[in-house]
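# Understanding the architecture of this molecule
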Amino acid sequence: MYYLLTFLGIILLNAIPFFAPTTWTVLLLIAALTNLNPWYLPIIGAVAASIGRSILALASKHIVRNRFLSRATKSHIDAVHDYLEHRGTVARWVFFLYALGPMPTNYVFIAYGLTALPLRMILIPFFVGRLASYAFWTYIGVTLGSLYGEVSWAQLFSGYAVLGQVATIVAVYGFIKVPWRKYLPQN
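The text that follows walks through the structure, step by step, so that each part is easy to find. (Residues numbered from 1 in each chain as written. Predicted model: local features only at pLDDT ≥ 70, side-chain atom pairs only at ≥ 80, totals over all residues. Heavy atoms only, no water.)

Tallying secondary structure elements over the protein chain gives nine helices and zero strands in all. Tracing the protein chain from N to C terminus, the helices and strands come up as α-α-α-α-α-α-α-α-α. Within the protein chain, residue pairs in contact and separated by at least 24 positions form 85% of the contacts whose partners lie at least 6 positions apart. Surface accessibility of the protein chain: about 10,400 Å² in total, with carbon and sulfur atoms responsible for 71%. (Helix = DSSP H or I, 4+ residues; strand = E, 2+ residues; numbered from the N terminus. Contact = heavy atoms within 4.5 Å. Areas by Shrake-Rupley, 256 points an atom, 1.4 Å probe, with all protein chains shown as cover.)

The structure is reproduced here in C-alpha cells:
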C-alpha cells in the first residue's frame, strides 16, 4: 500500500507545474524515514516521475500553448521546435545528462510541451537519467537515515526550495519571450 501511495504521490508531484518538492528529496526522505525497500524506490520514482512529467508536458502543450499563447509567442517557440527537431540526438543526450543531476525538471517539461515536439524525444533519456540519480539519492537517504535519524519532511519546504520554484517561473516566462529565431542557427 505504501508503494502505491508513493507511486501516486510522485505522479502528482511531477504533474504540478510549480511549488512541488523535487522527487529526489521526497525519495530521500521516504528512504530515510520508512522501512520501504530502497531498491524499489528508484524504479517507482522514475516511472512515476516520467508519467507525471508527461502529464505536465501535455498540459503545457494542450492548455497553455493552444489556449493562452499569442501567435508571436508561438512563433518564438516554434523556432526552438525547428532547432530541436533537426538535432534529436544531441537533444536526447542533453536531456539525459540534465536528468542525472538534482535540478528540478518541471520547467524543462513545461517548455518542451510548449514546443509541441513528440514526448519520446525527451521521455526515455529522462527516465534513464532519473533512474540513475534516484538510485543514488535513495542510497544517500538510507545512509543518512541510519547515521543521523534527524531527516524531516520540513526540509521540503525550506526557503531555498521556494526560491528555486520562483526562479523556475521566471525561467519559463523568459523562455516564451525570447525571439529564438534570432539566436538559434537556421537549419
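In this model, helix α1 (residues 2–15) (14 residues) spans 20 Å end to end at C-alpha, consistent with the 20 Å of a helix rising 1.5 Å per residue. Those residues of α1 that fall on the buried side of the exposure criterion are Thr6, Ile10, Ile11, Leu13 and Asn14. Axial view of α1: buried residues confined to an arc of 165 degrees, hence all on one face. Against the buried residues of α1 lie α2 (23–33) and α3 (41–68). (Expected span 1.5 Å × (residues − 1). Buried < 20%, exposed > 50% of the residue type's maximum accessible area, 1.4 Å probe, protein only. Arc of directions from axis to C-beta.)

So, about the pattern of salt bridges. Inspection of every chain in the model, using the stated rule, returns one salt bridge. Here arginine 65 and aspartate 78 are joined by a salt bridge, their closest N and O atoms 2.6 Å apart. Residue arginine 65 is located in helix α3, and its partner aspartate 78 is located in helix α4 (residues 71–85); the two are separated by 13 residues in the primary sequence. (Salt bridge = Lys/Arg side-chain N within 4 Å of Asp/Glu carboxyl O.)

With that settled, the discussion passes to the nonpolar core. Tyr112, Leu114, Ile122 and Phe175 are the most contacted members of the largest nonpolar core, which totals 42 residues. A per-element tally of this core places α2 first, with seven residues. With residues near it in sequence (within four places) discarded, phenylalanine 175 still touches Ile77, Val80, Ala111, Leu114, Thr115 and Trp180. (Core = buried A, V, L, I, M, F, W, Y, C linked by side-chain atoms within 4.5 Å.)

As a further point, take the packing of α1 against α3. Packing of α1 against α3 brings their axes to within 7 Å, and their N-to-C directions diverge by 35 degrees. The handedness of the crossing between α1 and α3 is right-handed. Contacts from Tyr3, Thr6, Phe7, Ile10, Ile11, Leu13, Asn14 and Ala15 in α1 reach Leu41, Ile44, Gly45, Val47, Ala48, Ala49, Ile51, Gly52, Arg53, Ile55 and Leu56 in α3. Taken together, the residues of the contact of α1 with α3 sort by class into 14 nonpolar, four polar and one charged. (Axes fitted to C-alpha atoms, helices over the stretch in contact; angles between N-to-C directions. Left-handed = near helix turned anticlockwise from the far one by under 90°. Nonpolar A, V, L, I, M, F, W, Y, C, P; charged D, E, K, R; others polar.)

With that settled, consider the packing of aromatic side chains. In total, this model carries seven aromatic pairs according to the counting rule given. Consider the rings of phenylalanine 95 and tyrosine 112, whose centres lie 5.6 Å apart with planes at 90 degrees: the pair is edge-to-face. Placement of the pair is phenylalanine 95 in helix α5 (residues 88–100) and tyrosine 112 in helix α6 (residues 106–115), with a sequence separation of 17 residues. Judged by relative accessible area, which is 15%, phenylalanine 95 ranks as buried. (Phe/Tyr/Trp six-rings, centres within 6.5 Å; stacked < 30°, edge-to-face > 60°.)

With that out of the way, let us pick up a nonpolar patch on the surface. Nonpolar side chains collect at one region of the surface, where Met1, Tyr2, Leu4, Leu5 and Leu8 lie side by side and expose about 610 Å² of accessible area between them. Classification of leucine 4 as partly exposed rests on a relative accessible area of 47%. (Patch = residues over 30% accessible without salt bridge, like charges linked within 9 Å, V, L, I, M, F, W, Y side chains within 5 Å.)

At a minimum axis separation of 7 Å, α3 and α6 run at an interaxial angle of 45 degrees. Classified by the interaxial angle, the pair formed by α3 and α6 is oblique. When you trace α3 past α6, the crossing you get is right-handed. Contact residues: Arg53, Leu56, Ala57, Ser60, Lys61, Val64 and Arg65 in α3; Asn106, Phe109, Ile110, Gly113 and Leu114 in α6. Classifying every residue of the contact of α3 with α6 by side-chain character gives six nonpolar, three polar and three charged. (Parallel < 35°, antiparallel > 145°, perpendicular 65-115°, else oblique.)

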